[in-house]
Amino acid sequence: MGTPDFAVATLEALIKAGHDVVLTVTQPDRPKGRHGELQKSDVRIAAEKHGIPVITPVRIRKDEEAKETMRWLKPDVIVVTAFGQILPKDILEMPKFGCINVHASLLPKYRGAAPIQWSILNGDTETGVTTMLMDEGLDTGDILMVKKLAIAPKETGGSLFDKLAVLGGELIVETLDALEAGTLTRTKQDGTKATKVGLFTKESGNIDWTESGIVIERKIRGLNPWPSAYTYLLGKQLKIFDADVLPEDAVGNIPAVALASSVKENGDETRNQKRIGVTANHITRADAGAGRADALPGTVYADQKALLIRTGDGVLRLNVLQLEGKKQMKAEDFLRGHRFT
């Protein structure tokens, strides 16, 4: 049972290891793209490639036909990876050896959705994958096996996603091997150490320049590629995909520049630059000389080689960005195409 590309690695690993995958359960086809055409889930595409039967219940909890199909197959075990629906008790108790979940965190840390991004946003140095015997709670079941992974200094949500997907495929095979051998052990989670995290929305990437450069840089990496960290420049959304944190004095003799003649705030155009600086969700018009310590967060410093933005603590050097309606590009290419006053 799984839906996005993260779960495909688990399915492929099960097939490669020789397990008899008799059924795949995934989310229904969803409209995607500008024209809203229905698109199959990544797991469905992978399952059909291997000739594995697929069912797509809208709500598995209430779909008796889907449950009966699963019950008729008499599964030894159900493997669940990012399925996207809560499983009811009758499904949890259906397989002989239970439902085993592949979860992309070191449980009990980061129960719930988006654990990969949160590990980067919170500045963790390591994460990993946990296999867990599912119960009726949200990621509260007994831990079966764990694989740890160091988080690289420039790790993004996308790169960590790919690494953990592969790790999850390896771990589920090891878990099932131990289950077959009768050596699998169960460890109850310590609920006092649990953290619960939620999903991100497109608005989650809106940068608050009053935050420290370290926090903003983590957001840029953690939300890359989706939903992407962003600000506003010249009334247009500016996505940032890579940046480096620099000390306060990094601006040196680089001039402060006036970029924003107007910006969007709550959907409205405004020229009140001081007010924009206070709300700090936009790049501001420069109102301070180069290197002034009292410059507003969001003040821009730029020359032909560098694009820097002052934060609540430190300076951020932008490396890769994308202005609304344009392609993603390196900062130096962006600078060649924009004039500053």
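Nothing here was measured: the structure is a model prediction, and the numbers come from that model.

Novice: Lay out the pairing of strand S17 (residues 315–323) with the relevant residues and their values.
Specialist: In this sheet, S17 lies alongside strand S12 (residues 236–246) in antiparallel orientation, the contact comprising eight bridges. Bridge assignment links Ala-243 to a residue of S17, and that residue is Leu-318. A loop of four residues connects strand S16 (residues 307–310) with S17, the two strands running antiparallel in sequence, and Gly-314 in this loop sits at a positive phi of about 100°. As paired elements, S17 and strand S18 (residues 329–330) share two bridges and run antiparallel to each other. Paired with Val-320 across the strands is Lys-330, a residue of S18. Remark: five residues form the turn of the hairpin made by S17 and S18, two consecutive strands paired antiparallel; Gly-325 in that turn has positive phi of roughly 85°.

Novice: Which residues make up the sheet that holds strand S5 (residues 78–80), and what values go with them?
Specialist: Hydrogen bonding along the main chain pairs the strands of a sheet, whether they run parallel or antiparallel. If you trace the four strands from one edge of the open sheet to the other, you get S5-S6-S8-S9, paired in mixed fashion. Each having just a single partner strand, S5 and strand S9 (142–150) make up the two edges of the open sheet. For this sheet, the mean inter-axis angle between neighbouring strands, taken without regard to orientation, is 15°. Relative to S9, strand S8 (residues 126–133) runs antiparallel, the two sharing eight bridges. If you follow Thr-131 over to S9, its bridge partner there is Met-145. Here helix H6 (residues 157–181) sits on the sheet and contacts S5, strand S6 (99–103), S8 and S9; the angle it forms with S9, its principal contact strand, is near 140°.

Novice: How would you sum up the packing of aromatic side chains? Please name residues and give values.
Specialist: Under the counting rule described, the total for this entry stands at three aromatic pairs. Ring centres of Phe-6 and Phe-161 lie 5.3 Å apart, and the angle between their planes is 70°; this geometry places the pair in the edge-to-face category. On the criterion of sequence distance, the pair formed by Phe-6 in helix H1 (residues 5–16) and Phe-161 in helix H6 is long-range, its members being 155 residues apart. Its relative accessible area of 5% is what places Phe-6 among the buried residues. Given a relative accessible area of 23%, Phe-161 falls into the partly exposed group.

Novice: Please set out unusual backbone geometry residue by residue, giving values where relevant.
Specialist: In the segment running from Asn-224 into Pro-225, the intervening peptide bond is cis, with an omega of 20°. Relative to the helices and strands, Pro-225 is located in the loop between helix H7 (213–222) and strand S11 (229–233). Trp-226 connects to Pro-227 through a cis peptide bond whose omega is 0°. The residue Pro-227 is located in the loop between H7 and S11 in this model. Positive phi values are uncommon outside glycine, yet Ala-82 reaches one of about 50°. If you trace the backbone, Ala-82 turns up in the loop between S5 and helix H4 (89–92). A positive phi angle is found at Tyr-110, which is not glycine, with a value near 60°. In this fold, Tyr-110 is placed in the loop between S6 and strand S7 (111–112).

Analysis parameters
- Residues numbered from 1 in each chain as written.
- Predicted model: local features only at pLDDT ≥ 70, side-chain atom pairs only at ≥ 80, totals over all residues.
- Heavy atoms only, no water.
- Pairing = 2+ DSSP bridges.
- Helix = DSSP H or I, 4+ residues; strand = E, 2+ residues; numbered from the N terminus.
- Axes fitted to C-alpha atoms, helices over the stretch in contact; angles between N-to-C directions.
- Contact = heavy atoms within 4.5 Å.
- Phe/Tyr/Trp six-rings, centres within 6.5 Å; stacked < 30°, edge-to-face > 60°.
- Buried < 20%, exposed > 50% of the residue type's maximum accessible area, 1.4 Å probe, protein only.

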